[in-house]
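Chain and residue survey
Spelled out from the first residue to the last, the chains are:
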Amino acid sequence: MTMLGDRQQLAYIASQAADARVNVELETEGMTLNIGPQHPATHGTLRIIARLDGEQVVWAEPSCGYMHRGYEKLTEVRTFPQVTALVNRIDWLGSFANEVPFILAAEQLMGIEAPPRAQWIRTILFELSRIANVSLVLGDLGVQLGAITPVFFAFRDREYVLNLIEGATGGRFHPNFDRIGGLKDDLPAGFIDETRAVMRKMRKFCDEIEGLLFGNEIFEARTRGIGVIPRDVALQYGLSGANLRGSGVDWDLRRDQKLPMAWDKVDWKVWTHPDGDSYARCWIRLQEVRESTLIVEKLLDSLPSGPVMAKVPRIIKVPEGEAWVSTENPLGEMGYYVVSKGELGPFRVKIRSASFNNISIVPWLLKGVYVPDIITILASLYFILGDIDR
Amino acid sequence: MLGLIAGIPYWAQSLLRVLGGIVAVLLPAGTIVYVFLFKMMSFMQSRLGPMEAGPFGSLQLFAEVGKWLQKEDLYPERADKFIFKMAPLIVLSSTFLLVAVVPFGPDAWFTNFEAGVFYALAVSSVSVLGILIAGWASANKYSLLGGLRGAGQLIAYELPMVLAVIGVVIQADTMNLQQIVVAQNAGSIFGWDGLGNPYILTQFIGFIIFMIAVQAELTQTPFDMPIAESELVSGYMTEYSGFRFLIFFISEFATAGVFALIASILFLGGWGVPFSWFGWTSIDSIDNWMNVVGPLIMFTKMMLLVFVIMWVRFSYPRFREDQLQRFAWKVLIPLSLVNIMATSVLKVAF
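Every value quoted in this text rests on a predicted model; they were computed, and no experiment measured them. (Residues numbered from 1 in each chain as written. Chains lettered and ligands numbered in written order. Predicted model: local features only at pLDDT ≥ 70, side-chain atom pairs only at ≥ 80, totals over all residues.)

**Quick look at the overall build of chain A**
Tallying secondary structure elements over chain A gives 16 helices and eight strands in all. For 390 residues, the compact-globule formula gives about 21 Å, and the C-alpha radius of gyration of chain A, at 22 Å, lands near that figure. Along the three orthogonal principal directions, the C-alpha set of chain A runs to about 75 × 50 × 35 Å. The buried share among the 390 residues of chain A stands at 50%. Here the analysis covers contacts within chain A between residues at least 6 apart in sequence; of these, 71% occur between residues at least 24 apart. (Helix = DSSP H or I, 4+ residues; strand = E, 2+ residues; numbered from the N terminus. Rg over C-alpha atoms; globule rule 2.2 N^0.38 Å. Buried ≥ 20, exposed ≤ 12 C-beta atoms within 10 Å, placed from the backbone. Contact = placed C-beta atoms within 7 Å.)

**Overview of the overall build of chain B**
The helix and strand tally for chain B stands at 14 helices and zero strands. Its helices and strands taken in sequence order, chain B reads α-α-α-α-α-α-α-α-α-α-α-α-α-α from the N to the C terminus. For a compact globule of 350 residues, the expected C-alpha radius of gyration is about 20 Å, and chain B comes in at 21 Å, within 12% of that figure. Here the C-alpha coordinates of chain B stretch approximately 65 × 50 × 45 Å along the principal axes. Taking all 350 residues of chain B together, the buried fraction comes to 47%. Pairs at least 24 apart in sequence give 78% of the contacts found in chain B among residues at least 6 apart.

**Some words on the interface of chain B and chain A**
Every contact between the two is made by 24 residues of chain B and, on the other side, 27 residues of chain A. Taken together, the elements giving at least two residues each to the side of chain B that touches chain A come down to α7 (141-172), α11 (229-232), α13 (290-315) and α14 (321-349) of chain B. In terms of residue count, the dominant contributor to the side of chain B that touches chain A is α11 of chain B (three residues). Broken down by class, the residue content of the side of chain B that touches chain A amounts to 10 nonpolar, six polar and eight charged. (Nonpolar A, V, L, I, M, F, W, Y, C, P; charged D, E, K, R; others polar.)

**A closer look at the environment of valine 128 of chain B**
All names here are of chain B. With respect to the helices and strands, valine 128 occurs in helix α6 (residues 126-137). The exposure class assigned to valine 128 is buried, which follows from the 21 C-beta atoms found within 10 Å. Every residue in contact with valine 128, bar those within four places of it in the chain, is listed here: Ala151, Leu154 and Ile155.

**What about helix α12 (residues 242-267) of chain B?**
Residues and elements named next belong to chain B. Taking 1.5 Å of rise per residue, 26 residues should cover 38 Å, and α12 covers 37 Å from first to last C-alpha, within 8% of that figure. Counted residue by residue, α12 has 19 buried out of 26 residues, so it is predominantly covered. Among the residues trailing α12, glycine 269 stands out with phi positive, at a value near 90°. (Expected span 1.5 Å × (residues − 1).)

**Considering α14 of chain B**
Compared with an ideal rise of 1.5 Å per residue, which puts 29 residues at 42 Å, α14 of chain B spans 41 Å between its outermost C-alpha atoms and is within 8% of the ideal. Taken as a whole, α14 of chain B carries its principal kink of about 30° at alanine 328 of chain B. All of the buried residues along α14 of chain B are Glu321, Leu324, Phe327, Ala328, Leu332, Ser336, Asn339 and Thr343 of chain B. Contacts from the buried residues of α14 of chain B go to α15 (371-381) of chain A together with α7 and α10 (204-217) of chain B. (Bend = angle between axes of the 7 residues up to and from the residue.)

**Structural notes on the domain arrangement of chain B**
All names here are of chain B. Domain boundaries in chain B define domain 1 (1-70) and domain 2 (78-349). Computed from C-alpha coordinates alone, the two centres of domain 1 and domain 2 are separated by 19 Å. Between domain 1 and domain 2, the residue contacts involve 18 residues of the former and 19 residues of the latter. Those elements that place two or more of their residues in the side of domain 1 that touches domain 2 are α2 (10-44) and α3 (60-70). If you tally residues by element for the side of domain 1 that touches domain 2, the top one is α2, at 13 residues. Taken together, the residues that form the side of domain 1 that touches domain 2 break down as 15 nonpolar, two polar and one charged. (Domains from an automatic or database assignment.)

**Brief notes about the domain arrangement of chain A**
Interfaces are frequently sized by the accessible area removed from exposure as the parts join. All names here are of chain A. Looking at the assigned domains, one finds that chain A contains domain 1 (1-67 + 359-390) and domain 2 (73-352). One C-alpha centre belongs to domain 1, the other to domain 2; they are set 29 Å apart. Broken down by secondary-structure element, the contributors of at least two residues to the side of domain 1 that touches domain 2 are α14 (362-366), α15 and α16 (385-389). The element contributing the most residues to the side of domain 1 that touches domain 2 is α15, with seven residues. Residues of the side of domain 1 that touches domain 2, tallied by class, amount to 12 nonpolar, four polar and three charged.

**Thoughts on the nonpolar core**
One finds Ala106 of chain A together with Phe210, Ala213 and Ala263 of chain B to be the most contacted residues of the largest nonpolar core, which totals 201 residues. With 16 residues, the single largest contributor to this core is helix α5 (residues 116-145) of chain A. With residues near it in sequence (within four places) discarded, alanine 213 of chain B still touches Tyr157, Pro160, Met161, Ala164 and Leu332 of chain B. (Core = buried A, V, L, I, M, F, W, Y, C linked by C-beta atoms within 7 Å.)

**Concerning the confidence of the model for chain B**
Residues and elements named next belong to chain B. Confidence along chain B averages 81 in pLDDT terms, with 96% of residues attaining 70 or more. No element of chain B has a lower mean pLDDT than helix α1 (residues 2-6), which averages 57, and none a higher one than α10, which averages 88. Interface confidence for the predicted complex, given as ipTM, is 0.73, next to a pTM of 0.79. (pLDDT = per-residue confidence, 0-100.)

**A word on the pairing of strand β7 (residues 332-340) of chain A**
Residue and element names in this part refer to chain A. Taking burial as the measure, the nine residues of β7 include seven buried ones, the bulk of the element. In the sheet, strand β6 (residues 321-329) pairs with β7 via nine bridges, with the strands oriented antiparallel. Considered in β7, the bridge of tryptophan 324 is made with tyrosine 337. Alignment of β7 against strand β8 (residues 348-352), held across five bridges, turns out to be antiparallel. Within the sheet, the bridge partner assigned to valine 339 lies in β8 and is arginine 348. (Pairing = 2+ DSSP bridges.)

**Considering the sheet that holds strand β2 (residues 47-53) of chain A**
Residue and element names in this part refer to chain A. If you trace the three strands from one edge of the open sheet to the other, you get β1-β2-β3, paired in antiparallel fashion. In this open sheet, the two strands that pair with only one neighbour each are β1 (31-35) and β3 (56-63). Each neighbouring strand pair of the sheet contributes to a mean axis angle of 20°, computed without reference to strand direction. (Axes fitted to C-alpha atoms, helices over the stretch in contact; angles between N-to-C directions.)

**Here we look at the sheet that holds β7 of chain A**
Residues and elements named next belong to chain A. Taken in spatial order, the three strands make up an open sheet running β6-β7-β8, and their pairing is antiparallel. Each edge of the sheet is formed by a strand with only one pairing partner; in this case those strands are β6 and β8. Sheet twist, expressed as the average angle between the axes of neighbouring strands with direction ignored, equals 10°. Each of β6 and β7 touches helix α4 (residues 95-110); the most contacted strand, β6, lies at about 150° to it.

**Quick look at the environment of glycine 105 of chain B**
Residues and elements named next belong to chain B. With respect to the element layout, glycine 105 can be found in the loop between α4 (81-99) and α5 (116-124). By the C-beta count within 10 Å, which is 23 here, glycine 105 ends up buried. Spatially, the C-alpha atoms of glycine 105 and threonine 95 are 20 Å apart, while their sequence positions differ by 10 residues. In this view, glycine 105 contacts Trp271, Met290, Asn291, Gly294 and Pro295; residues no more than four positions away in its chain are not counted.

**Concerning the packing of α4 of chain B against α12 of chain B**
Two quantities define a packed helix pair, namely the angle between the axes and the distance from one axis to the other. Residue and element names in this part refer to chain B. One way to put it is that α4 packs onto α12 with a least axis distance of 9 Å and a crossing angle of 25°. Between α4 and α12, the angle falls in the class roughly parallel. The chirality of how α4 crosses α12 is left-handed. Where α4 abuts α12, its residues Pro88, Leu89, Val91, Leu92, Thr95, Leu98 and Val99 lie against Arg244, Ile247, Phe248, Ile250, Ser251, Ala254, Thr255 and Val258. Among the residues forming the contact of α4 with α12, the class breakdown is 11 nonpolar, three polar and one charged. (Parallel < 35°, antiparallel > 145°, perpendicular 65-115°, else oblique. Left-handed = near helix turned anticlockwise from the far one by under 90°.)

Below, the structure written as structure tokens:
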């Protein structure tokens, strides 16, 4: 017990006391259920240790690290341009979005800025990867709740977005397209018309999912009032992204901070929901996919012409210094603290990924819920294992 | 055909009926239903479904059975091996015992006895035992949770099912399934006998309650918590593999079919066509060709009901355990009691 912090220790004592109370009252013995690491609802290898009383959770704790790949350490033996190939495997559903904050941090250290067209295209691809990422979880919600049809719709329509990303970057999952000072290439011919068509398709997909899931009474019964995160608790646990906005906090890094990206060049809305329950979080994600399609369309309308690459030296050496850049990724706030010693590669990179902080609320949130609700709550929190373990 | 059967002893007659039934009815019916369901499910989910085995995937069932039979017979080390092996057979036997009382035509039946409805409802609940001991014997926490959920759910939904059927029994004045079919087809609606009197019209509430209860008895979504793929990783079936899983798998689909058969008998007029169409008056005056056409009619109705069951299954998410129990005890059971009262009052009044 000496290794545990105060808060953890208190939580442990409280859970022991709760156990003891339950045992005295009903004379039952709790059961410890290991959910994961190979459980289908954990999207990979997250393990949740839950102590149950009947079907009610008395105590739960996520145990991560089963998929740790050591990216922070690996970046230290790569050159700056090589790092993007690593980091876009962190959140593997929205890969391009992982590259952007790192490149922005490197650019900030070098004191350069990408030309406007590159900024626009970066933003478009960023939003496309958000759509590809979040639309999948909208379908996956159905699977977690027992409806197997929505996920097939999600996979079908996500394919169009992946095709766009592939068309522009050459990589479906791992574009590795962002460069310090701009982008590898300009957009291919026909990309703009194709994107507009796909965005319309994605909005239709959102309507479909809304009809299939969000309008369903059983879905509402399973998610409304379940896993409520009050505003204060959400802030205390450092949640970000849709989980925070689902608790009524109007906070979106795309709008709230100044970055050399194109979000502030168009009008769009940050959605929030006052309830803080699972339904609110899911609903926010649905609205965000819609909003993203609109952002992409507006950016395409105002796409400037010009080069996609600033003037950068052939061999990139980042000057000595430290920089912190974070962006609003599909899962929440993702940031890189880059320390450079003026060499070819970074001296140290600290990755702040959204899912790791988002699941830190799990012990607090799962106390007292039923086993089926564990799954709904985890699905609504929406994490990706690569993003937790890095 | 009747003369051929009448000359031999009773046990041989029964055996012939069972063998004939399995080869001529259940096997092709199973194949067709299976392919139909999988194709239907796939088209709903914008997929193609089985394509490789046979023309349009029609032999998919055989391919899957072959695959499952090849697999190793695994069981957990700490499992209670004897009852672990027994559990799937209990579930399957409950299904086959159900078929025993289903009449497919005026003479095409396995057994024809007076308390048919009672028997059907009784043996359908045998599967609870199988599920419970499968959950217990697997020595797996997920399976145990699944088994307990299954037991709670099946017992809770047995009641509305029985109560829904009582309405039909009151209206038909008999518990014999064969006579319930006759009563519907020989009946009339306010003196007009063009359609007979299928009980789905008069017992509509009963029909809805029955179908909901069937959905729960089959542990199909939205009532599939005992299986709950995403929470309990298939619940009581977690530890089963190979042909033992196959037996669970078959009995899941077969039970859906058999319950659809029983629902079609109770509410849709079973194998019969309205007797007024051909001038029949009672079961004895029915022409012999109904023994061939009857099963086909019944099969069509079964497909229709299985389609509805699966349609609901593929489009709904699942309830939570407590919501499910609340739904059974607070909505379905009071509703079916009201239905019984209304039926008996109207029965006496008319």
